[in-house]
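So you can see what is in the structure, the chains are spelled out below.
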There are 2 protein chains.
Amino acid sequence: MSEKRPARQPHSGHHNLDPHLPRYAARTAGMTASEIRALFAVASRPEVVSLAGGMPNLAALPLESLSSQMAELIAKDGLTALQYGSAHGVPALREQICEVMALEEISAHPDDVVVTVGSQMGLDMVTRLFCDPGDVVIAEGPSYVGALGSFAAYQAEVVHVAMDDQGLVPEGLREALAQCRTHGKRVKFLYTIPNFHNPAGVTLAVERRAEILEICREHDVLVVEDNPYGLLGFDGQTYPALRSMDPDNVVYLGSFSKTFASGLRVGWVLAPHAVREKLVLAAESATLCPPTLNQLVVSRYLATHDWKGQIKTFGENYRERRDAILSALEQHMPPGCSWTHPDGGFYVWVTVPEGVDTKAMLPRAVTARVAYASGTGFYADGFGSRQMRLSYCYPTPERIREGVRRLAAVLESEMDLMRTFGSVNPRAVSGPENPSPDTA
Amino acid sequence: MSEKRPARQPHSGHHNLDPHLPRYAARTAGMTASEIRALFAVASRPEVVSLAGGMPNLAALPLESLSSQMAELIAKDGLTALQYGSAHGVPALREQICEVMALEEISAHPDDVVVTVGSQMGLDMVTRLFCDPGDVVIAEGPSYVGALGSFAAYQAEVVHVAMDDQGLVPEGLREALAQCRTHGKRVKFLYTIPNFHNPAGVTLAVERRAEILEICREHDVLVVEDNPYGLLGFDGQTYPALRSMDPDNVVYLGSFSKTFASGLRVGWVLAPHAVREKLVLAAESATLCPPTLNQLVVSRYLATHDWKGQIKTFGENYRERRDAILSALEQHMPPGCSWTHPDGGFYVWVTVPEGVDTKAMLPRAVTARVAYASGTGFYADGFGSRQMRLSYCYPTPERIREGVRRLAAVLESEMDLMRTFGSVNPRAVSGPENPSPDTA
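Residues numbered from 1 in each chain as written. Chains lettered and ligands numbered in written order. Predicted model: local features only at pLDDT ≥ 70, side-chain atom pairs only at ≥ 80, totals over all residues. Heavy atoms only, no water.

Focus: the sheet that holds strand β2 (residues 113–116) of chain B
Residues and elements named next belong to chain B.
In step 1: The strand order β2-β9-β8-β7-β6-β3-β4-β5 describes an open sheet built from eight strands, whose pairing is mixed. In this open sheet, the two strands that pair with only one neighbour each are β2 and β5 (167–168).
In step 2: Note: strand β3 (residues 136–141) against strand β6 (residues 187–192), four bridges, orientation parallel. The residue bridging Val137 from the neighbouring strand is Phe189, located in β6. (Pairing = 2+ DSSP bridges. Helix = DSSP H or I, 4+ residues; strand = E, 2+ residues; numbered from the N terminus.)

See the structure below:
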């Protein structure tokens, strides 16, 4: 046993050392992979029921008619569809977007709409315009993981405000703003998802909306309203957009990813006039222009297809899945768990008993062939270890029920261990009770 | 005449005042509209010959076959094409991109390719990864206007290095780096367009390439190689990419905008492994993922179409237009003007006699029904007032000749005025003789 091992070579120049490390910008340190990513290869195997992703269920799309529409578009209008456009976006589409927004009581001028590469780009551009390093963004706790990623990329600090089953708590917002003021922090905007929240699955009560807006006005804080799910209420219900109630102090983000097709990456920003002009400049430096083809595809679809009927069909599919997940949770989850009851959108937010750490449990869940998004990814501050997001949007109702059965079994055995040995994860930090994060 | 006018209301809350002004990030001050933008409405009238834009000429695209390909893609593979993908990009396309790059002697692994929304997004992401405010980017003078926009958005300082007809001058690069070191400035990368430069129309001599790379290594400076035009040499000639000569210290940007279709917005970054991982994270926070549809369209096109033959056809069209513009310049331009002689790409860079200010002359040119991009837009430091970029890519050869005739007449009358009254633009700053900027 005295074989000589080769001495370890420090700085051997292998690829696991990054020679570019000293060159990165300070912001790059904040770019970290989402927790689910590491497990992605395993979690995407067909035998695993994934309740982790947020992929819309596109099975109901009329592919045949889309196929011939697309063919006609290229044959007739190909030289436009395949050519550069403006950073502002295709004018006809911007007009149609105003009609879409009218469903949520927004009255807007097409000039104030900027088309973006998904609403993620809108979010990134708004953050680019407003946030210097150290500036504060107020966000619900939990909040959309992609938003946290953008805020981190611009070195903004996120301060979370709690929600209850009526959405963002106005008193919590007031306190957070007062605290920031006390500590001399500069708050740039409130980032909020009022409808069918990702990941929390709750909706901001209509009675609270004016109050939230009023608080932001008082504190001279802009509101960024992110509304990808607003038209996906399971009873066809919609709510007045924050933008409709305070056009001058709200930047609104919209998307066709959930109401039509995510792979086209067509979203938009509706902004007060002066902000919109700057937004176009920012967008131009980011991508020159959004893809013309995709904008014309969406425009044609809105013009020729019963898009409202299609959204209704999507909603029915999601309602069926929501029903499946809620009844399965009711039936299988061990005592001590609680969850939200979404009436639209894609997500249920689950809180597990004290002592269980959803992040630590995730590899065991994936081994048991079920995946979810653990709660900490939806907080910028380490909370959420007792929470998880379950997405019911994509799998069939049957698979959803099977997934919840598996998840409940994993949770049971986790709790068994706890009862025997005390906390399985002694260093676990528990998050606030209700509700908490979502991830992609 | 003693009527009382209403007193002017300061802060009247009208839309020309921006109530959000105190809220913007510091970087937003650097976002300004390009000079051509203000004239765009007029310059895009059909009677104006625009030598200003950089729109590729797509007339030779096989629209019918693209139309049926697109139809088949949606019919057969629509649920994938219309769904989210990864921020890294579609694997099959990344493999094909490696084949495209092999034409310029690049040997790369598909894992190290990241698909972006046009190479503009690649540029923006690379700047995001590397540049803190105040960091220096070295760029050719003139340089691509969209790159200057991205650098400004990240508050990077641009230091220009002169070119001659063999491209970037190594001695100039050495001096600029030494100067930056002397002044304690942190140089993050050299941004260079080695082939058929936008706007200068010159190509970096092959003999200089190793030297440029060596200088950057010596000074521990990364190289960002932007190569949208490399396959558009008019004699089918290609040059070894900088990336092929120093894989570990070059980040390479590629694009299908000029070799296939700009309106799809499909570009890519090839980066050293460690950088690529960070790039994917940055891209995810910027747009979640590039449009799946567009990636599959490009992938199918590369797999089923004679794309090399198509590039050859494009090149022939551009050569015909290059010939038209060079002979028209020769024939019509007044003495004292000089210009570059591109053997690929889209642009001629023209220097006019001392005393003429191309920016001040532009409105007069547009009135005379010809548009160009004035030189100052291609410099971060105010140079370029004696230069202009002429794009020959889009108009017909006949229109190009007519445009140059009009331009020459405007220039003649400008010089007549000068001879009569002295400089028309007494405060004009002249840029370096040769060559200078380009704009969109």
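Observations concerning the UniProt feature "domain: Aminotransferase class I/classII large" (unreviewed entry) in chain A
In step 1: Under the present numbering, the feature "domain: Aminotransferase class I/classII large" (unreviewed entry) in UniProt falls on residues 62–407 of chain A.
In step 2: When the span residues 62–407 of chain A is considered, its composition is 47% helix and 17% strand, and the gap between its end C-alpha atoms is 34 Å. (UniProt positions renumbered as here; feature names shortened; annotations may be inferred.)

Some thoughts on the relation of the copies chain B and chain A
In step 1: The transformation that overlays chain B on chain A combines an axial shift of 0.0 Å with a rotation of 180 degrees, and the residual RMSD is 0.0 Å. Each copy turns onto its partner about a two-fold axis. Looking at the rotation axis and the C-alpha trace of chain B, the residue lying nearest is B:Ala71, at 2.6 Å.
In step 2: Taken together, the interface assignments show that 100% of the residues at the interface of chain B recur at the interface of chain A, consistent with an identical surface on both copies. (Least-squares fit on C-alpha atoms with pLDDT ≥ 70 in both. Contact = heavy atoms within 4.5 Å.)

Points about the interface of chain B and chain A
In step 1: Counting residues at the interface gives 82 residues for chain B and 83 residues for chain A.
In step 2: Between chain B and chain A, a total of about 7000 Å² is buried, with carbon and sulfur atoms accounting for 60% of that surface.
In step 3: Considering only the side of chain B, the residues that lose the most area to chain A are B:Arg23, B:Leu82 and B:Tyr84, jointly responsible for 11% of the buried surface there.
In step 4: Salt-bridge contacts for A:Arg23 lead to B:Asp220; the nearest nitrogen and oxygen are separated by 2.9 Å.
In step 5: The interface formed by chain B and chain A contains 53 residue pairs in polar contact (both at pLDDT 80 or more).
In step 6: Sorting the residues of the side of chain B that touches chain A by element identifies α3 (63–81), α5 (118–130), α6 (145–153), α10 (257–261), α11 (273–287) and α12 (292–304) of chain B as the ones contributing at least two each.
In step 7: For the side of chain B that touches chain A, the leading source of residues is α11(B), giving eleven residues.
In step 8: When grouped by side-chain class, the residues that make up the side of chain B that touches chain A number 46 nonpolar, 21 polar and 15 charged. (Buried area = accessible area lost by both parts, 1.4 Å probe. Salt bridge = Lys/Arg side-chain N within 4 Å of Asp/Glu carboxyl O. Polar contact = N/O pair within 3.5 Å; in protein donor to acceptor, adjacent residues only side chain to side chain. Nonpolar A, V, L, I, M, F, W, Y, C, P; charged D, E, K, R; others polar.)

Observations concerning the environment of A:Thr313
In step 1: Among the structural elements, A:Thr313 can be located in helix α13 (residues 307–332).
In step 2: Separated by 203 residues in sequence, A:Thr313 and A:Pro110 place their C-alpha atoms 28 Å apart.

Here we look at helix α11 (residues 273–287) of chain A
All names here are of chain A.
In step 1: Taking 1.5 Å as the rise per residue, α11 with 15 residues should run 21 Å; its terminal C-alpha atoms sit 21 Å apart, in good agreement.
In step 2: Of all 15 residues in α11, eleven are buried, a share of seventy percent or more.
In step 3: Of the positions making up α11, those classed as buried are Ala274, Val275, Arg276, Leu279, Val280, Leu281, Ala282, Ala283, Ser285, Ala286 and Thr287.
In step 4: Immediately downstream of α11, the backbone of Leu288 shows phi near 65 degrees, a positive value. (Expected span 1.5 Å × (residues − 1). Buried < 20%, exposed > 50% of the residue type's maximum accessible area, 1.4 Å probe, protein only.)

Some remarks on the side chain of B:Arg27
In step 1: Tracing the sequence through the fold places B:Arg27 in the segment before α1 (35–38).
In step 2: One buried charged residue, B:Arg27, remains without a salt bridge, the closest side chain of opposite sign being A:Asp132 at 5.1 Å.
In step 3: For B:Arg27, the side chain forms a polar contact with the main-chain oxygen of B:Ala153, separated by 3.4 Å.
In step 4: Look past the residues within four positions of B:Arg27 in its chain and what remains in contact with it is A:Thr127, A:Arg128, A:Cys131, A:Asp132, A:Tyr154, B:Ala152, B:Ala153 and B:Gln155. (Lys, Arg positive; Asp, Glu negative; His and termini not counted.)

Observations concerning the state of the cysteines
Each disulfide consists of one covalent bond between the sulfur atoms belonging to two cysteines.
All names here are of chain B.
In step 1: What the rule picks out here adds up to zero disulfides over all chains.
In step 2: Cys131 carries a free sulfur, and the closest cysteine sulfur to it, the one in Cys180, is 12 Å from it.
In step 3: A relative accessible area of 0% places Cys131 in the buried class. (Disulfide = S-S within 2.5 Å.)

Focus on the sheet that holds strand β5 (residues 167–168) of chain A
Residues and elements named next belong to chain A.
In step 1: Strand order in the open sheet formed by eight strands is β2-β9-β8-β7-β6-β3-β4-β5, with mixed pairing between adjacent strands. Strand pairing shows two members of the sheet lacking a second neighbour, β2 (113–117) and β5, which therefore form its edges.
In step 2: Bridging between strand β3 (residues 136–141) and strand β4 (residues 157–164) involves six bridges; their strand directions are parallel. Note on β4: the bridge partner recorded for Ile138 is Val159.

What about the packing of helix α3 (residues 63–81) of chain A against helix α12 (residues 292–304) of chain A?
Residue and element names in this part refer to chain A.
In step 1: Between α3 and α12, whose axes approach to 10 Å, the crossing angle comes to 130 degrees. The orientation of α3 relative to α12 falls into the category oblique. At the point where α3 passes α12, the crossing takes the right-handed sense. For the pair formed by α3 and α12, the contact residues are Leu66, Gln69, Met70, Glu72, Leu73, Ile74, Asp77, Thr80 and Ala81 on the first element and Thr292, Leu293, Leu296, Val297, Arg300, Tyr301 and Thr304 on the second.
In step 2: The residue inventory of the contact of α3 with α12, partitioned by class, reads nine nonpolar, four polar and three charged. (Axes fitted to C-alpha atoms, helices over the stretch in contact; angles between N-to-C directions. Parallel < 35°, antiparallel > 145°, perpendicular 65-115°, else oblique. Left-handed = near helix turned anticlockwise from the far one by under 90°.)

A look at the nonpolar core
Note that soluble globular proteins tend to have their nonpolar side chains buried in a common cluster.
In step 1: Core analysis: the biggest nonpolar cluster contains 164 residues, and A:Phe256, A:Phe260, B:Phe256 and B:Phe260 have the highest contact counts within it.
In step 2: Filtering out sequence-adjacent residues up to four positions away, B:Phe260 remains in contact with B:Leu58, B:Leu61, B:Leu66, B:Val297, B:Val298, B:Tyr301 and B:Phe314.
In step 3: By size, the runner-up hydrophobic cluster in this structure holds 89 residues, among which are A:Phe151, A:Val224, A:Leu288 and B:Val280. (Core = buried A, V, L, I, M, F, W, Y, C linked by side-chain atoms within 4.5 Å.)

Notes on the confidence of the model for chain A
Residue and element names in this part refer to chain A.
In step 1: Here chain A shows a mean pLDDT of 91. Residues at 70 or above account for 91%.
In step 2: This model gives residues 1–15 a pLDDT under 50, and the stretch forms four contacts once residues within four places in sequence are excluded.
In step 3: Every residue in residues 426–440 scores below 50 in pLDDT, and together they form 67 contacts with partners more than four places removed in sequence or on other chains.
In step 4: The ipTM assigned to the predicted complex is 0.92, against a pTM of 0.92. (pLDDT = per-residue confidence, 0-100.)

So, the pattern of salt bridges
All names here are of chain A.
In step 1: By the definition in use, this model includes 38 salt bridges over all chains.
In step 2: Ionic pairing is found between Arg322 and Asp323, a salt bridge with its closest N-O pair at 3.0 Å.
In step 3: Taken together, the shared-partner salt bridges connect Glu171, Arg174, Glu211 and Glu218 into one network.

With respect to the packing of aromatic side chains
All names here are of chain A.
In step 1: Taken as a whole and judged by the stated rule, the model has 26 aromatic pairs over all chains.
In step 2: Taking the centre distance of 5.0 Å and the plane angle of 50 degrees together, the rings of Phe256 and Trp268 count as tilted. Remark: Trp268 occurs in strand β9 (residues 266–270) and Phe256 occurs in the loop between β8 (250–255) and α10 (257–261); sequence separation between them is twelve residues.
In step 3: Aromatic rings pair up to connect Tyr229, Tyr318, Phe346 and Tyr347 into one cluster. (Phe/Tyr/Trp six-rings, centres within 6.5 Å; stacked < 30°, edge-to-face > 60°.)

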